[in-house]
Structures are given as structure tokens and as C-alpha cells.
Amino acid sequence: METEPSLPADTPRASMPDELCHPYSKFSDWKFKLFRVHSMEKAPLPSEPPLEKEAQLRVDAQGDAGGLPGSVMKLCLGGKSKENVQGAGSRVDLKLQEIDTHMNHLRALCRLCGMILRKAKGPEHEVQGNLDDSSKCALRRMGCKASSWSEVILKVFKVDVSGDMETIHPSMFCHRCWTVAMRGGGFCSFTRTKVPVWKPHTSHCLLCFPKRLILQRRGRKRSKPLRSAHCLPKRTKRDSSTPTGGNRVWRQTTDNPEAFGLRAWVKPAAQKTLWVKNITRCQKDHLSYRLLPGELPKDFVNGVTCQVCEHLLSDPVQSPCLHLFCRTCIQKYSQSLGPQCPSCGILFNPCDLTSPAKAFLSVLNSLPLVCPREGCGEWVRLDSFGDHCLNHCLETNDDEGQDNSEQNLDGYLPVNKGGRPRQHLLSLTRRAQKHRLRELKNQVKAFADKEEGGDVKAVCLTLFLLALRAGNEHRQADELEAMMQGRGLGLHPAVCLAIRVNTFLSCSQYHKMYRTVKAISGRQIFQPLHTLRTAEKELLPGFHQFEWQPALKNVSTSWDVGIIDGLSGWTVSVDDIPADTITRRFRYDVALVSALKDLEEDIMEGLRERGLDDSTCTSGFTVVIKESCDGMGDVSEKHGGGPAIPEKAVRFSFTVMSITVQAEGEEEAVTIFQEQKPNSELSCRPLCLMFVDESDHEMLTAILGPVVAERRAMKESRLILSIGGLLRSFRFFFRGTGYDEKMVREMEGLEASGSTYVCTLCDSTRAEASQNMVLHSITRSHEENLERYEIWRTNPFSESADELRDRVKGVSAKPFMETQATLDALHCDIGNATEFYKIFQDEIGEMYLKNSPTREERRRWRSALDKQLRKKMKLKPVMRMNGNYARRLMTHEAVEVVCELVPSEKRCKALRELMELYLQMKPVWRSTCPARDCPDQLCRYSFNSQRFAELLSTTFKYRYDGKITNYLHKTLAHVPEIVERDGSIGAWASEGNESGNKLFRRFRKMNARQSKTFELEDILKHHWLYTSKYLQKFMEAHKNSPKALQATINPEECPDDLSMAEIPDF
């Protein structure tokens, strides 16, 4: 007996079903061919490019394709395949017809058990719908507080239906599954309901092509398969040969159901439109193109309509093949038919969809549409069409309300059908109140879901507020409005924290106020201290996660780091003694992250104002940081204990000056955030506080060493931080400009201020600077100072001390922190005011006529000047020049007062001219943006400085012969160059850090503790909170909180017209 020949793996029979392959039948080969003919090639799947498939079929037709399954099809069709006969558009139509048929099958099935809905006796329920009243009441009695069926299904059947799609999942569930959910009380299931796994439609879909072979084995008659795109009835084939056209297909309409045998004939294009609209379901949301003027060209109309739903574009997006669609339509189309273009069939990634050009959007929004309302016929722009239709709806509601109020006025009266009198609403029980207000509650909830995002509480409070206003009960209305806005009753924790920090209340003072207000008013207006401490954590460094790429060198990768010991990076050797100081600081990178998160709202607002999308900000953000460091002088207090430490303190702080981003297609970076008050103590964030003398170079170097190391590491890396819900990258540029003359010389290793080398910007000596006061340029830098220090240390040329000092230009120590070569505007003002104060003394005593006055004469001149300034300008003498005294002294009024004591009129004229020139030059280095604020003074600065130097070298030669002060030299020689390089001098001053000195003293009194260590931590923490933009916005929004508080505590004694000045600050 012959054995069965083995079949190669690539032959047609290798892939045929088992029931068609019989070893003794020669007829089985032709039976297999007929099986392939009846199964017809399916439309291409979304993952198969149509163009590539057609090309492959052409190659197969030319070559030998006997071993491929498709060769049987070509053999039966005489060398032609269905793909060759029909085009790409027809195959897309077949795919749409398949999806439409599949969705019709899904609508007849239960989502949870998979059975046919009509077999389960009882009503059907929407999977995504809200609970009906009867079901909600029944579940509430059993303790379930769910409001939608999706929540109940998740608890009972353990299935998440929130992400269901209409093309994959049925949208209804049967009454049997409803019974299971109700029996379980909305929490569990007492029956084993196996939820089927719903899969997308494929060529082997069991819904469209059911396989019920078990019925054949039992001898029962096999039921007809469901109608689909691949299996049409014989009547359709017979009718397709009628003269009406072979390309027409039939569809079932709602007016003529299939049960009556009436079928409406439509063209394939119209049928395709119906299938697509069945998928998108956007007829109620998108506008029809028929609202456009009829005289518009057809190509133009096609350009402004969606290629999927054929409506006017709504939220348009553009594919890589330059076709336009509605965003929701193309998303639903891609989910159903795969990510391919409906127009050309090119595959694309949904992430590649971009917004069209702005010019096209402006044209689209300006399209004129005719109002379809009867009797209107007005032409309205597309972007204003929604508001126009809303006005019609409001007019209709008003008319209906007036008609109903006139006709059915009796309908609003209480209905009493006998029995006891109708009770008032407030006298009823809670259950009876719910029953009476049931309809109103449903209406309010429906309105809140539609208009206010489901915020029922806000809608009810607003109605109550309007009712109080209508009844002229304004006092209660003000109290309710304060509670709604968080300004009076139940203040937000951030508001309470801002009040405590800005009023410098200690823990005991705030707690006393909290208890007093609660006892008097009977309400908890302020939040307790533990709530405030919880709110502090989100604003202090160490709360937000971040990452550095690459990781910072010699810096820990942990992000939850709060206040640390400033001596943590101290390198201790055997011979070192313990540091005789206390210092606390934040880690530099953690503090920068907290500052950026505090500015998150400003960053997102800047992006929106400049129209920058997230897709255009791929290059990352650039952050410019201003660093400031200065001594605070003597801060000694009579409380606290601990080691014997110097009572002088130094603060190191930083300010976020600007944030820019390089957008795609733009040559220059776009500024999205600019600090409006760079010299305010509200923008100067503290980083490190230390009890140390700023003159102690070794101690200052050791404490700031770890800060310098972190700063150097951050310059070579980039920060990855979540801003606005997206991860964004930031790069930092540090500019050390907030230092006075003394601190710059400490950090750059230069000699003290009385050195021969007068300037920290150039190499000029004091004699050279006095001879040539104007013509100098900036020559010093941090790198050059490091090189000169190495020369000073090694002395490679074996020079003497004087020669070596002349070679290194005054560098005598190692520079340990890079500073920006600039001029500190605040200390420049103070230094120049000190020099003018001495000039006034010399002019009063006629110093230009005397060679060497005695000390007693100088003391008498100074006494006369102080007496005159105190008498005329109420300027009290000071031991040391400060900023406020300098501002009042450098005025025209002060010069006139001084000239009353100067005997010579010629010298008075010279003094007035000198002051006039100085006041014209001062705005240039004090202004935040001189090119915008004082352009005329900026243009005349070189001329004014030259004239100023000429007066000093001639009229006041007795004082400036061979000598000049440091700040006066910088004012005359370097201001124009610095302004041209940086754009401003005043914005980079240290005034914000100086203004924080008084805050240190106030916070120290506020947080007085026995340990100076914990005291310093509290000062650093509260100083950081004081500079928080988040708390500043709360304080700005709640300026009237004291008035609301007073009205709450004692409403009888607080009239409505009470001004804020009459209420004491709490």
C-alpha cells in the first residue's frame, strides 16, 4: 500500500484545514481552491501598507508563485486577484463595512457576560452611564456611594471599563449582570461571571465569522452566518446585475427595516460616509460645510473640511502627508482602522500629528457661516459661531420663562391636596427634605456636570449667595463670599502660613491667636500649627523629585535633602581644631529645584503668552542665577547658649533672574520669565547662613567650599524636572555679581581696599587712575587671577617681593569662587555719597586754600555740616554711611543746603555742576534696564563722565591729586563697558541681599531658642518661606483677610465702611 506523500511546508495544502485534507481524495485539491475562493481575500490590515501589498502582488503575478497561497486565487480567477481588480479605495470601503458590521454585532451583546441582550429579559444599562435613581437608592441603602456604573462594575466584576472603545467593547450590559451587581451591594459578586476578553476586529473574528462545528456533528441544521462584508446574500448578488449599476450596494434604513424586505440603494461613497460617521459620531459636535457660502470653490471647501467626517475642521491636526483632520475624528479612525491616512493610505504614527500653520488657522477661524436659525440668517465668523448660537439659546430660555411665568403662575404655588397643612422645608426631617428637593437636586447636578465640571457645592453656594444679595442681607453674603474665596472662614493653610511668616509671629504667638479667634468666633478660621508644618514641606527644598544628566560629580543623587550642616564638606586633618562656628545651608541643587517649582505657574504662563507649544521646546530651558554674599555685621542677641562663637554673620543667597528657551525655528532665545524686582528681598532666596566674620578668609573659604563644588558640577550637567506635568531639562548659568568691594577682594584673592591697585576690574594703580580717570577697560578675570596666584606662590623668575607684587597686580591669595567683573550699584552709591560728604566738609572749611588743616578744624567742619543737614533736611548724623542716608544726601536740595555754608559763589557753582553731572550719570548704573528707562542719560554718559573727571582734576585738584577712591574710579571708567556687555548694572546689584539683613534679625527674634543651631535652622527655613512666590500670591489675593476676620469675630462692632487702617494688624 502506498504511503501518503509528504507535503512541503510552502505548498497550498500545508495551510488548509484538517477537514478538507483527505489522504485518499484527489478532489481535495480543488476543494481547497474553492474554499479559498469563498473566503475571498480580506481587506488589508492596518499594519499592512496597501501600496506595498499591491506592488508585491504585481511581482507575484509576473514570477512563479505556485508555492504561495495567493497563487490558488489567481489560478481560479484566471491570473487576476481581487487586489488587482479593485483599487485601494474599494479595499478601504470593505474595511469600513467590516468595522460597521462588527460594531452592530457588539451592540447586541452584553459587555460583562457576552450573551445576547434580547435573551436576558429586562432593561439594558449603559456601561459608561450614571446610576439611575432606583439603582442608586438601592445601593446607598447597602453602603455603596458610587455614582456611575463603571465604578460598580470595577468593584463587582473587577473589570475597568473606563477605557472601553466602541469598536472593541459592547456599550451595554444585560439585566442578569445588573441583578448580580445589585445582589452584591455594589462591592462583590456572589456568582461566577466569566467576563470575556474582547479583542479588536480581525479576519478571524468570531463575531463576524462564527465557527459552530459542534452543531454539524450533532446533526442539527447549521445557522446562517451573520451578514458581513465578505458574505452577502444571494439576493444581493442577483440584484447587483440589474441595470441600476453594478457598483451600488444596499443599506438598511430605520424607516424601512429589514423585516419588511425594503432596502434603500445608495452609492458606495455615501455608504462609506455613513460607516465613517458611525465610527466618529461627531454629527452633534462638528459643523457642516453646508453653512459656508455657496459661491466658494469646491477645492477650497475640501481644504477646510475634515477628510474623515467631511465636517468643518474642529481642532485641526495635520498628518505627515499634509492632509487635515479633526483631532477626535482621526483618533477614532486610527483606533478602528489602524494608523493610516484616510486619503492616501500612508502609514503614520499618531504622535506625528501636528498643528497646522498659523496662517491657515487664521483663515479657518475667519470663515463666514450663515446662522441656520429660522429668521436670523446672519453671517458669523467660525470662531464666534458658538457664542452666537448660545445667545439664541439664552433668548429662547428667557422667552419660555416669561411665557411660563405668565401662563402657569399657579404652578409654583404649594400643592396641598388635603390633610394636615404643608410643613416648611426647614421643619422636615433630613429624609423628607431629600424627598422634596429630589427634582431640584437632579437639575442642579445636571447643570454642575455640564457647566462647572461636577462642582455641585460651588453651584449651591453661589445660589445661596445670590439669594442673600437679593434679600439685602449683605453682611451674611460677605461672610459667605469670604468663606468661598478662602479669605475669612476656614482659611487655606498656605494663607495662614503666609500670614505667620509675613507678620513674623512665633509659634506661641500664632497658637495664642489661633485659640483666641476660635474661642471668640466659635469657628476654626485659622489652621492649627501642625497643618502649617505640613504645608511648609511642599515649599521647602527636599520635597520634589529630580534628576541630573549626567549625575553631579561628588554630589549625592538623593533628592529628599532638607537643611544640612554647612560644615558637612569640611576636610579634617589630624592637626585641625574643631571649627569654632555654626552654619546651616540647603544643598545648592535641591534649593534650585525648589525655586523652579515655586516659579512653575510663571513658567507655564510665559509659555502660553508667547504661544510656545511643548513640541517646540525640545532644546531645554536656560536659567540665569545671580549670586550674592555679604556680611550682616553684629547680630548678637542676649538669649541662647552654646559655644563661644563670633556674633557676626554672613549670608549667601541667589536670585533666579531669567528663564529662556530656544524654540524650534527661532534664531534668538525667547524669555518666558524675567524677575521684575531683582533687588527686592522677596526675590533673594537664602542658601547658607553662618556665624562667621567676613574678614576671616580661611573660615569663609572652608564653609563655602562645598557650595563652590556643587556649583561647578551643575555647570557641566543639566537638570531633569517635571514642570507642567512634563519632564523638562534646565541648564544653569551662574553670575556672581552681588558682592561688595570687600567680598570681591576676599573671593578673588586680591589685596585689601587700601591697596595700591585700586580696582578689581583693571590693573590700574591709584596714581594711574587719578591721572587718567576715564580711559580704562576691564582686564581682570577669575582665570587670570588663578594664573597670577600660581606665579605669586612659585615665583618662577626669582624676583623680589616688590617686583613679584607688581607682576601679579595685587593677587595675594588663591581665588576660590568665580565672580563676574561688574560694579555693585548699591555700594557704589554709598561709596560715592561718602566721598561727596567729605567734599562738602572741605568746601565748608575752604580746604582749597589750606595745605594741612588740623584734626580739630576738620571736626568743626563736620559738626557744622551735620548741624545744617539736620536743621534743613532733618538728616540725623550717622556713624557709618548707609543707603537711606546716601539717597537723601545725593540730591539738589542737599547741595543747596550745603552751599549756604560755602563762602565762595564760584565754589558753590562748581558743587552744583558736580552734583548735576552725578545725578545724570546715576540712573545709568541704578536702572534695571537703562536702554529702556533712561536712554538719553545713557547716550550722554561718556560726555558727562569726562566733564566730571575734568572738574575733579581742576577745581577739586587739592583732593584728587595722585589719588582717587575705588568706586569713583569704577563709576567714571567702567560703567559704559559693563552696560554694553550685560545690558544693566542695577539689576545685578546686591541690594536684595542687603535688604535681608533686617529680616535676619526679625526672624531671629521670632525663633528665639536655647540652641543657636536650631535657631539658625528656623531662621533659614522661615527666610526661605518669606521669599516664596506661592505665598506671596496668597498674600496678594487675601489683602482683606483682616477685615473678614474682624467681621467674623465681632460683627456688631465692625461697620461695613470700616477702613483697613482702623483694624489692628493681627
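Residues numbered from 1 in each chain as written. Predicted model: local features only at pLDDT ≥ 70, side-chain atom pairs only at ≥ 80, totals over all residues. Heavy atoms only, no water.

Draft legend 1. Structural view of the overall build of the protein chain. On a plain count of helices and strands, the protein chain comes out with 43 helices and 17 strands. Per-residue burial for the protein chain yields a buried fraction of 43% across its 1066 residues. By sequence separation, contacts in the protein chain at least 24 residues apart represent 66% of the contacts at least 6 residues apart. Summed over its atoms, the accessible surface of the protein chain is roughly 59,100 Å², and 52% of this surface lies on carbon and sulfur atoms. (Helix = DSSP H or I, 4+ residues; strand = E, 2+ residues; numbered from the N terminus. Buried < 20%, exposed > 50% of the residue type's maximum accessible area, 1.4 Å probe, protein only. Contact = heavy atoms within 4.5 Å. Areas by Shrake-Rupley, 256 points an atom, 1.4 Å probe, with all protein chains shown as cover.)

Draft legend 2. Representation of the pattern of salt bridges. The tally for this structure, following the rule as stated, stands at 45 salt bridges. For Glu601, the salt bridge is made with Lys1033, and the minimal N-O distance between the two is 3.2 Å. With Glu601 in helix α24 (residues 600-609) and Lys1033 in helix α42 (residues 1029-1037), the pair connects residues that are 432 residues apart, well separated along the chain. According to the relative accessible area criterion, Glu601 is partly exposed, its value standing at 47%. (Salt bridge = Lys/Arg side-chain N within 4 Å of Asp/Glu carboxyl O.)

Draft legend 3. Inspection of the state of the cysteines at higher detail. Taken as a whole and assessed by the stated rule, the structure comprises zero disulfides. We note that Cys113 lacks a disulfide partner, and the nearest cysteine sulfur, in Cys110, lies 3.5 Å from it. We note that Cys205 lacks a disulfide partner, and the nearest cysteine sulfur, in Cys208, lies 4.1 Å from it. (Disulfide = S-S within 2.5 Å.)

Draft legend 4. Spatial organisation of unusual backbone geometry. With omega at -10°, the peptide bond leading from Gln549 into Pro550 counts as cis. Among the structural elements, Pro550 can be located in the loop between β9 (547-549) and β10 (563-565). One non-glycine residue, Asn795, lies in positive phi territory at about 50°. Looking at the element boundaries, Asn795 is found in the loop between α28 (782-794) and α29 (801-808).

Draft legend 5. Just the side chain of Arg584, in detail. Along the polypeptide, Arg584 turns up in strand β11 (residues 583-586). Of note is the side chain of Arg584, whose polar atom sits 2.8 Å from the side chain of Asp565. At 3.2 Å, the side chain of Arg584 and the side chain of Glu1017 are in polar contact. (Polar contact = N/O pair within 3.5 Å; in protein donor to acceptor, adjacent residues only side chain to side chain.)

Draft legend 6. Just the packing of aromatic side chains, in detail. Under the criterion given, the structure shown has 20 aromatic pairs. A ring pair is formed by Phe691 and Phe1000, whose centres lie 6.4 Å apart and whose planes are at 75°; its orientation type is edge-to-face. Residue Phe691 is found in strand β15 (residues 685-691), and its partner Phe1000 is found in helix α40 (residues 991-1006); the two are separated by 309 residues along the sequence. Across the pair, Phe1000 and Phe691 agree in class, each one buried. Between the aromatic rings of Phe836 and Phe948, the centroid separation amounts to 6.4 Å while the plane-to-plane angle is 45°, which identifies the pairing as tilted. One end of the pair, Phe836, is in helix α30 (residues 825-844); the other, Phe948, is in helix α37 (residues 941-954), with 112 residues separating them in the sequence. (Phe/Tyr/Trp six-rings, centres within 6.5 Å; stacked < 30°, edge-to-face > 60°.)

Draft legend 7. The arrangement of the confidence of the model for the protein chain in detail. This prediction gives the protein chain a mean pLDDT of 77; 77% of its residues lie at or above 70. Per-element confidence in the protein chain ranges from a low mean pLDDT of 36 for helix α3 (residues 70-76) to a high of 95 for helix α23 (residues 588-598). A low-confidence stretch, residues 404-419 (pLDDT under 50), is modelled with six contacts involving residues beyond four sequence positions or located in other chains. Residue range residues 1043-1066 is modelled with pLDDT below 50. Its contacts to residues more than four positions away, or to other chains, number 36 contacts. (pLDDT = per-residue confidence, 0-100.)

Draft legend 8. Helix α8 (residues 175-183), seen in detail. Of all the positions in α8, only Cys177, Trp178, Val180, Ala181 and Met182 are classed as buried. Contact partners of the buried residues in α8: β1 (125-126), α6 (133-141), α7 (149-156) and β2 (172-173). Gly185, located one to two residues past α8, shows a positive phi value of around 70°.

Draft legend 9. Spotlight on helix α20 (residues 493-502). Taking burial as the measure, the ten residues of α20 include eight buried ones, the bulk of the element. The complete set of buried residues in α20 reads Ala494, Val495, Cys496, Leu497, Ala498, Ile499, Arg500 and Val501. Among the residues trailing α20, Phe504 stands out with phi positive, at a value near 55°.

Draft legend 10. A look at the pairing of β11. Along β11, one buried face is formed by Thr583 and Arg585 and the opposite face, lined by Arg584 and Phe586, is buried too. Across three bridges, β10 lies against β11 in antiparallel orientation. Bridged to Ile564 within β11 is Arg585. Bridge count for β11 against β15 is three bridges, and the pairing is antiparallel. Bridged to Arg584 within β15 is Leu689. (Pairing = 2+ DSSP bridges.)

Draft legend 11. The nonpolar core, seen in detail. Counting 98 residues, the largest nonpolar core has Phe526, Tyr588, Phe652, Phe654 and Phe732 as its most contacted members. Here the element with the most residues in this core is helix α25 (residues 697-715); it accounts for eight residues. Setting aside anything within four residues of it in sequence, one finds Tyr588 in contact with Ile625, Glu627, Phe652, Phe654, Leu687, Val707, Glu710, Arg711, Met714 and Phe734. Residues Ile778, Val898, Met921 and Leu972 belong to the second largest nonpolar core, which totals 61 residues. (Core = buried A, V, L, I, M, F, W, Y, C linked by side-chain atoms within 4.5 Å.)

Draft legend 12. Molecular detail of the side chain of Ser658. Here Ser658 shows up in strand β13 (residues 648-661). Relative accessible area serves as the criterion here: at 11%, Ser658 is assigned to the buried category. Setting aside anything within four residues of it in sequence, one finds Ser658 in contact with Thr622, Val623, Val624, Phe673 and Gln674.

Draft legend 13. The arrangement of the packing of α30 against helix α34 (residues 905-926) in detail. Between α30 and α34, whose axes approach to 12 Å, the crossing angle comes to 180°. By the angle between their directions, the pair α30 and α34 is classed as roughly antiparallel. Residues Ala825, Leu826, Cys828, Asp829, Asn832, Phe836, Ile839, Phe840 and Glu843 of α30 touch α34, and the partners they reach there are Arg907, Leu911, Leu914, Met915, Tyr918, Lys922, Trp925 and Arg926. For the contact of α30 with α34, the residue count by class is eleven nonpolar, one polar and five charged. (Axes fitted to C-alpha atoms, helices over the stretch in contact; angles between N-to-C directions. Parallel < 35°, antiparallel > 145°, perpendicular 65-115°, else oblique. Nonpolar A, V, L, I, M, F, W, Y, C, P; charged D, E, K, R; others polar.)

Draft legend 14. Region of interest: a positive patch on the surface. Together, Arg140, Lys145, Arg430, Lys434 and Lys441 make up a positively charged patch on the protein surface. Mapping Lys434 onto the fold places it in helix α16 (residues 430-436). (Patch = residues over 30% accessible without salt bridge, like charges linked within 9 Å, V, L, I, M, F, W, Y side chains within 5 Å. Lys, Arg positive; Asp, Glu negative; His and termini not counted. Charge placed at Lys NZ, Arg CZ, Asp CG, Glu CD.)

Draft legend 15. Region of interest: the environment of Leu849. Topologically, Leu849 is positioned in the loop between α30 and α31 (855-873). Taking the C-alpha atoms as reference points, Leu849 and Tyr958, separated by 109 residues in sequence, lie 9.0 Å from one another.

Draft legend 16. Structural context of the environment of Arg862. Note on placement: Arg862 falls in helix α31. When the C-alpha positions of Arg862 and Asp842 are compared, they lie 8.9 Å apart, and in sequence the two are 20 residues distant. Here Arg862 is in contact with Tyr837, Gln841 and Val878, once residues within four sequence places are set aside.

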